[in-house]
Amino acid sequence: MSIPIRAVCESRSMINPSLDPAIARSLAEAVPRPFWLDQPDAPEPLPALAGAVTADLAVIGGGFTGLWTALLARERYPELDVVLVEAKTIGWAASGRNGGFCSASLTHGIGNGLERFGDEMPLLERLGEQNLREIGETIAKHGIDCDFQPTGELGLATADWQLDGLEEEAVTARQLGHDVEVLDAAAARAELSSPLWRGGLKYTTGNALVEPGRLAWGLRRACLEAGVRIYEHTPANSLSPSGTGMTVATPYGSVRAARVALAAGVPGGKLLRRISAYLVPVWDYVLMTEPLSADRLAALGWRDRRGASDLGNQFHYFRLTRDNRVLWGGYDAVYYNGGQVREEHVTRPATFAKLAEQFFAAFPQLEGVSFTHAWGGVIDTCSRFCAFFGTAQGGRVAYAAGYTGLGVGASRFAAQVLLDKLQDQRDSERAGLSLVSTKPVPFPPEPLRSAVIQATRASIARADRNDGRRDRWLRLLDRFGLGFDS
């Protein structure tokens, strides 16, 4: 049984006596567990691996990247014997803790893509749209009940400085094949009623909403039906060469395979040290409301139910669920010095209180609504904000990581890249992409890493308070192609 946030705070003596009583009441019964995974029909875990097994392909990690890799491997190469090992349960980490925004973008948005990959963007956008379409087709083919909705998305300005460049962004997006409309304040509020909106963009392409936990469980079932052997509660303790293949050692057994796909995000750095130079674990926090009444829902005016985010450097993302809850997350991205990842970090009452205050400022018509779930999770973050790829051990190991919060859709594309690399498909359309062949700028080692990240977080917050003006530190990062803006 999950313990409400109220009880967690009391046990840690973390109650803030100055907190608005209404905010405290809204959070009092929220459980610190991802809503998407807190479902009565969640599948029972599969047994852990016991003993030594062999396979043609071993997949490490049971999130979206690993699941797509295993499923697509069986579809592409039906003769392959595929084993997948997951340290806890399928979808337990980032794949089950996100907002459920399934974007077509492979580059964390058009602006980031144009800055880093320039002339490749028409192809990258086409491949991204194809990838999103094929995700929908796979969901339909396998009957995965994850409420896949290709809604498009809203980007909403909360300050006048955020309106700068929206017209240019819309023109660029249209040139890349998107259907996008620039909104003034009245039009933005007609899409979703809030006194904060000053304008924005409405995309009717490029994004879908899903229930990420159910998508992960559905892919798990599809993998099993395709003949993939899955072992849960089976962490990979080491990865080492073994003859012409590789051996994955686990607590009670091992997998010896000709090829290995490493799809473990930040923890993958413990198995392949070269990954850790490019990744930092950033914590993101999320609230989920109780189901809204018909009157409350009508007061929002959210007729098209598009997923949305605001346009600050520190931004929120928000959406409706099929039972009319509102998910509200983001803003307070947190890095614990030294890259700490501890179970206690899942709950952060100060951040939950801040998010709740901001929620009711955005939607005062929802005063009195309570939150049922409040949770946090790690985003594997790299300096270019989108996935990077590589190989090791003479091509016997391939890896993907660094989605930086936009991996629900891009993880399937990454799985295709991993299989290209493991099967030496140099003539594929993906293989020649700079996105695939280059790496992000590495982070400095600790303790400098922590100092740089905390200085950047402070500068980003300062930029939002100063009409978006970037200080010398952020301009220096921009000059080196780091471009931190969230």
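Residues numbered from 1 in each chain as written. Predicted model: local features only at pLDDT ≥ 70, side-chain atom pairs only at ≥ 80, totals over all residues. Heavy atoms only, no water.

Visitor: Where do I start with the overall build of the chain in this structure?
Guide: Of regular secondary structure, the chain possesses 16 helices and 18 strands. Relative to the 2.2 N^0.38 estimate, which gives 23 Å for 486 residues, the radius of gyration of the chain is 22 Å and therefore close to what a compact globule would have. When its C-alpha atoms are laid out on the principal axes, the chain stretches across 65 × 50 × 50 Å. Expressed as a percentage of its 486 residues, the buried residues of the chain come to 55%. For the chain, the exposed surface amounts to about 20,100 Å²; the carbon and sulfur share of it is 52%. Charge separation in the chain, taken as the distance between the mean sites of 51 positive and 55 negative side-chain charges, equals 6 Å. (Helix = DSSP H or I, 4+ residues; strand = E, 2+ residues; numbered from the N terminus. Rg over C-alpha atoms; globule rule 2.2 N^0.38 Å. Buried < 20%, exposed > 50% of the residue type's maximum accessible area, 1.4 Å probe, protein only. Areas by Shrake-Rupley, 256 points an atom, 1.4 Å probe, with all protein chains shown as cover. Lys, Arg positive; Asp, Glu negative; His and termini not counted. Charge placed at Lys NZ, Arg CZ, Asp CG, Glu CD.)

Visitor: Got a minute to help me understand unusual backbone geometry in this structure?
Guide: Leaving glycine aside, a negative phi is the common case for residues, and trans is the common case for peptide bonds. Going from Glu446 to Pro447, the amide bond is cis rather than trans, its omega being 5°. Despite not being glycine, His233 has its phi angle at roughly 50°, a positive value. Tracing the backbone shows His233 in the loop between strand E8 (229–231) and strand E9 (238–242). We classify His233 as partly exposed; its relative accessible area is 43%. Although it is not a glycine, Arg305 sits at a positive phi angle of roughly 55°. Residue position: Arg305 is located in the loop between helix H11 (294–300) and strand E13 (307–310).

Visitor: Mind showing me how you'd approach the packing of helix H6 (residues 121–141) against helix H13 (residues 410–422) here?
Guide: The axes of two packed helices give the description: the angle between them and the distance between them. Closest axis-to-axis distance for the H6/H13 pair is 9 Å, and the angle between their directions is 105°. Put simply, H6 runs roughly perpendicular to H13. Contacts between H6 and H13 involve Leu127, Asn131, Glu134 and Ile135 from the former and Ala410, Arg412 and Phe413 from the latter. (Axes fitted to C-alpha atoms, helices over the stretch in contact; angles between N-to-C directions. Parallel < 35°, antiparallel > 145°, perpendicular 65-115°, else oblique. Contact = heavy atoms within 4.5 Å.)

Visitor: Teacher, can you tell me more about the environment of Glu225 here?
Guide: Within the element layout of this structure, Glu225 appears in helix H9 (residues 212–225). Separated by 226 residues in the primary sequence, Glu225 and Ala451 have C-alpha atoms spaced 48 Å apart.

Visitor: Got a minute to help me understand the sheet that holds strand E15 (residues 326–330) in this structure?
Guide: Paired through their backbone hydrogen bonds, the strands of a sheet run either parallel or antiparallel. Taking strand neighbours across the sheet as the criterion, the eight strands line up as E5-E6-E4-E13-E14-E15-E12-E16 in an open arrangement whose pairing is mixed. At either end of the open sheet lies a strand with only one pairing partner, and these are strand E5 (180–184) and strand E16 (371–381). Direction aside, the axes of adjacent strands within the sheet are offset by 20° on average. Judged from the five bridges that link them, E5 and strand E6 (residues 199–203) form a sheet pairing that is antiparallel. The residue bridging Asp184 from the neighbouring strand is Gly199, located in E6. The strands that helix H12 (residues 349–362) touches are strand E12 (280–289), strand E14 (316–320), E15 and E16; relative to E12, the one it contacts most, it runs at about 50°. (Pairing = 2+ DSSP bridges.)

That's the geometry; what it means functionally is another story.
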